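Coordinate inspection notes
As a plain string of letters, each chain reads:
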Amino acid sequence: MSVLTALARVRAAHTGRAEPLATVRHYHLSQRPFVLIPLRLAGEAAAPLAVMFGTDRDEPTVLIVPQPRDRVLRLRFIEALAGQILPHVAAYLDAAENITDKSGEVIGRRCLDAAQLWVPNTGGVDFLRLLGRSVRYHRVDGPNPIPAEVPLLGRWLTWFAERAERPGSAVLLPMTSVLAMHWATGQSALEDANLASLLGWIAPPPGMSGAQAAALAEDPLLSPPAGPATDPGFDNEELAPLVNAYDNAIEDIDGTAKTVAAQRLELALRGQLEPTWQLMWRGIELLSALPEAANVPTRWQRDRGSFTYFADTIDDGVAQARRDAAVSAVRRLLDREAAAEAFQAQRAYDDPRVMAEHRLSGTAFRGTVTECDPNRCDTSGKRALLRPMLEVKSDDPFIPTPGETLHSTERPNQKAKVLDFDSGTLTLELSGGMGNGRTAKPGSIPEVGDSIGFTRFPLNNSSGKLALPEPEETPWTHGGPPPEFDPDHAEEQW
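Here is a short report on the structure shown in this document.

Scoring rules and cut-offs
Counting from 1, residues in each chain are numbered in the order their sequence is written. Totals for whole chains, interfaces and linings use all residues, but because this is a predicted model, local features are given only for residues with pLDDT of at least 70 and pairs of side-chain atoms are given and counted only at 80 or more. Only heavy atoms go into the side-chain values, all of them from the structure, while hydrogens and water stay out. Strand pairing requires that DSSP identify at least two bridges connecting the strands. What counts as a helix is a DSSP run of H or I of at least four residues, what counts as a strand is a run of E of at least two, and both are numbered from the N terminus. Note on definitions: angles span 0 to 180 degrees between N-to-C directions of axes, and those axes are lines fitted to C-alpha atoms, for helices only across the stretch in contact. In the analysis that follows, any N or O atom pair within 3.5 Å is treated as a polar contact, provided that within protein one partner can donate a hydrogen and the other can accept it, and provided that, for residues neighboring in sequence, both atoms belong to side chains. Every residue pair with non-hydrogen atoms within 4.5 Å of one another is taken to be in contact. Should the near helix be turned anticlockwise from the far one by less than a right angle, the crossing is left-handed, and should it be turned clockwise, the crossing is right-handed. Here the nonpolar group is Ala, Val, Leu, Ile, Met, Phe, Trp, Tyr, Cys and Pro; Asp, Glu, Lys and Arg are the charged ones; every other residue, Gly included, is treated as polar. Cysteine sulfur atoms that come within 2.5 Å of each other are treated as a disulfide pair. Accessibility here uses a 1.4 Å probe with only protein chains present; expressed as a share of the type maximum, an area under 20% marks a residue as buried, one over 50% as exposed, and anything in between as partly exposed. In plain words, nonpolar cores are sets of buried Ala, Val, Leu, Ile, Met, Phe, Trp, Tyr and Cys residues tied together by side-chain atoms within 4.5 Å. Aromatic pairs are defined between Phe, Tyr and Trp rings, using the six-membered ring for Trp, whenever the two ring centres lie within 6.5 Å; interplanar angles under 30 degrees are classed as stacked, those over 60 as edge-to-face, and all others as tilted. Salt bridge criterion: a side-chain nitrogen from Lys or Arg within 4 Å of a carboxyl oxygen from Asp or Glu.

1. What to know about the sheet that holds strand 3 (residues 48-54)
Taken together, 5 strands build an open sheet; the order of strands is 4-3-2-7-8 and the sheet is mixed. The outermost strands of the open sheet, each flanked by one partner alone, are strand 4 (61-64) and strand 8 (172-174). Direction aside, the axes of adjacent strands within the sheet are offset by 20° on average. Relative to strand 3, strand 2 (residues 34-40) is paired through 6 bridges, and the arrangement is antiparallel. Note that in strand 3 the partner of leucine 39 across the bridge is alanine 50.

Shown next as structure tokens:
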């Protein structure tokens, strides 16, 4: 936890309301978010009990498994779930644009948008991963075939869960993690994993403080757990008797007894799911009120590319590997590390509150230009190069090393070499972002009195450290030849 985040938590505890950690929204928010709240049977890692889902706040759909230990009922549940999720995904695959090379030949396609799933917490992400893994290898032929939609849903759930591991991705988002990134509460990070408690701090009911709202959220009768685990009291007092009633229902001719028992079980599970359903949409409302960060469309474009590529590889009929090979694992790890660095840098450049964290930690600074020589040139080489010199006064705790390269926060592609540092005054030599001639473009060089900022990290990593994308991370179709990879232009290519 950074110093500013700790300070925001102390202030939230003092004022009784969550403090904002961001001025913009750092994740893409779909126009049709697909909210999904899963519940599983206690003691079973991937035994579905119920799920509430949909894109309409007023018309959620509920599916249940009256006996989660019954494999046949579980497969019927997953088949019904596939009948709802797969058409939602297919609607985005139908709308795509062609990708052409320089000669105009079509070499691939890219979906204009992609499906976005929301779950209450990271436990929901883990459950979808396990559920997808448990069914994606099922056979659709042989002595005991199952519907093709079941393993297809397993592959898509696996892709969503694996993509969620990539920092900055927005195709599968846990609500608690996203809200905690944008607001600081007066409780611990562990307590922030409770969706009702977290929203109680961010948007408490009228006349209540965040602490009071969070205290009410601890009552499982008023705020049932957001899943995938259910409350032990509910399991013992309601769920177990209802499941036993379903098991003991007499198999009559028209199946009335079983139907009535299943309806009673569904009614009880709806009572557990509906409070979380309303909290999920409340969280989406809060996030939609924030303006979108500048680099969000770039990250969502990559999500769309990966979404398109994975859809195009499904026709191969081979499910994802159970374990990565050595090379694939290294590539995946490098890609995740590069994505984490890029996401951290983009958040800082997009949001002054995030940049303030870096200024306090000494990886960035902001100051005022006190002197400027805009026409200074470097004549040490074969030809003279425009290299303006600035003196910047800053009160930030930033101690540079002479000779190191800094990156401008206001002017893309502009760098500054540290020539000298003395008592908070930096002497900088500018390069890049000023045009190709001996005369700089208007506005490309700061003037005396301007407030400017520099960081030790670039907005876009063009140093060659960016890992090669995994095949499923690229926007190209399975047979389409990607262009030759150039790390200096990775952002444009991938």
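2. Comments concerning the side chain of glutamate 404
Within the secondary structure, glutamate 404 sits in the loop between strand 13 (389-393) and strand 14 (405-408). A distance of 3.1 Å separates a polar atom in the side chain of glutamate 404 from a polar atom in the side chain of arginine 456. For glutamate 404, the contacting residues outside a window of four places in its chain are Ala416, Lys417, Val418 and Arg456.

3. So, the packing of helix 2 (residues 71-93) against helix 4 (residues 149-164)
The N-to-C vectors of helix 2 and helix 4 enclose an angle of 65°; their axes lie 8 Å apart at closest approach. Of the two possible hands of crossing, helix 2 and helix 4 adopt the one that is left-handed. Contacts between helix 2 and helix 4 involve Leu75, Ile78, Glu79, Leu81, Ala82, Ile85, Leu86, Val89 and Leu93 from the first element and Glu149, Val150, Leu152, Leu153, Trp156 and Phe160 from the second. When its residues are assigned to classes, the contact of helix 2 with helix 4 shows 13 nonpolar, no polar and 2 charged.

4. Structural notes on the side chain of serine 444
Mapping serine 444 onto the fold places it in the loop between strand 16 (425-431) and strand 17 (451-455). Within the structure, the side chain of serine 444 is placed 2.6 Å from the backbone oxygen of lysine 441, a separation counted as a polar contact. Once residues within four sequence positions are removed from consideration, serine 444 is found in contact with Arg411, Gln414, Gly433 and Met434.

5. What to know about the state of the cysteines
As enumerated under the stated definition, the model contains 0 disulfides in all. Cysteine 377 supplies the cysteine sulfur nearest to cysteine 372, a cysteine that is in no disulfide, at a spacing of 13 Å. Among the residues examined, cysteine 372 registers a relative accessible area of 28% and is labelled partly exposed.

6. Quick look at unusual backbone geometry
Note the cis peptide between glycine 227 and proline 228, where omega equals 0°. Structurally, proline 228 can be placed in the loop between helix 7 (210-217) and helix 8 (232-248). A positive phi is found at serine 423, a non-glycine position, where the angle reads about 50°. The topology assignment puts serine 423 in the loop between strand 15 (415-422) and strand 16. In this structure serine 423 comes out as exposed when scored by relative accessible area, which is 59%.

7. A word on the environment of phenylalanine 127
If you trace the backbone, phenylalanine 127 turns up in helix 3 (residues 122-135). Accessibility expressed as a relative area gives 4% for phenylalanine 127, which makes it buried. When the C-alpha atoms of phenylalanine 127 and proline 291 are compared, they prove to be 31 Å apart, with 164 residues separating the residues in sequence. Contacts of phenylalanine 127, omitting those with residues within four sequence positions, involve Pro38, Leu39, Arg40, Ala45, Ala46, Ala47, Pro48 and Pro228.

8. Details of the pairing of strand 5 (residues 96-100)
For strand 5 and strand 6 (residues 106-111), the ladder comprises 5 bridges, and the chain directions are antiparallel. Within strand 6, the position partnered with asparagine 98 by the bridge is arginine 109. Two successive antiparallel strands, strand 5 and strand 6, enclose a turn made up of 5 residues, where glycine 104 displays a positive phi of approximately 90°.

9. A word on the nonpolar core
Counting residues in hydrophobic clusters, the biggest one holds 87 residues, and the most contacted among them are Leu81, Trp118, Trp156, Phe160, Leu179, Leu269 and Phe307. Ranked by the residues each element gives to this core, the list is headed by helix 9 (residues 256-288), at 12 residues. In contact with leucine 81, not counting residues within four places along its chain, are Val51, Phe53, Leu63, Leu131 and Leu153. Formed by 15 residues, the second largest nonpolar core is a distinct cluster that contains Phe398, Leu426, Met434 and Ile445.

10. Observations concerning the packing of aromatic side chains
Under the criterion given, the structure shown has 13 aromatic pairs. Ring centres 5.8 Å apart and planes at 15° place the aromatic pair phenylalanine 34 and phenylalanine 53 in the stacked group. Here phenylalanine 34 is found in strand 2, whereas its partner phenylalanine 53 is found in strand 3, with 19 residues between them in sequence. With a centroid separation of 5.7 Å and 85° between ring planes, the pair formed by tryptophan 156 and tryptophan 159 is classed as edge-to-face. You can see tryptophan 156 and its partner tryptophan 159 sitting in helix 4, 3 residues apart, about one turn around the helix.

11. Some remarks on the pattern of salt bridges
When charged atoms on two side chains of opposite charge get close, those side chains can pair. For the structure shown, the criterion picks out 20 salt bridges. Because the salt bridges share partners, they merge into one network encompassing Arg57, Arg282 and Glu285.

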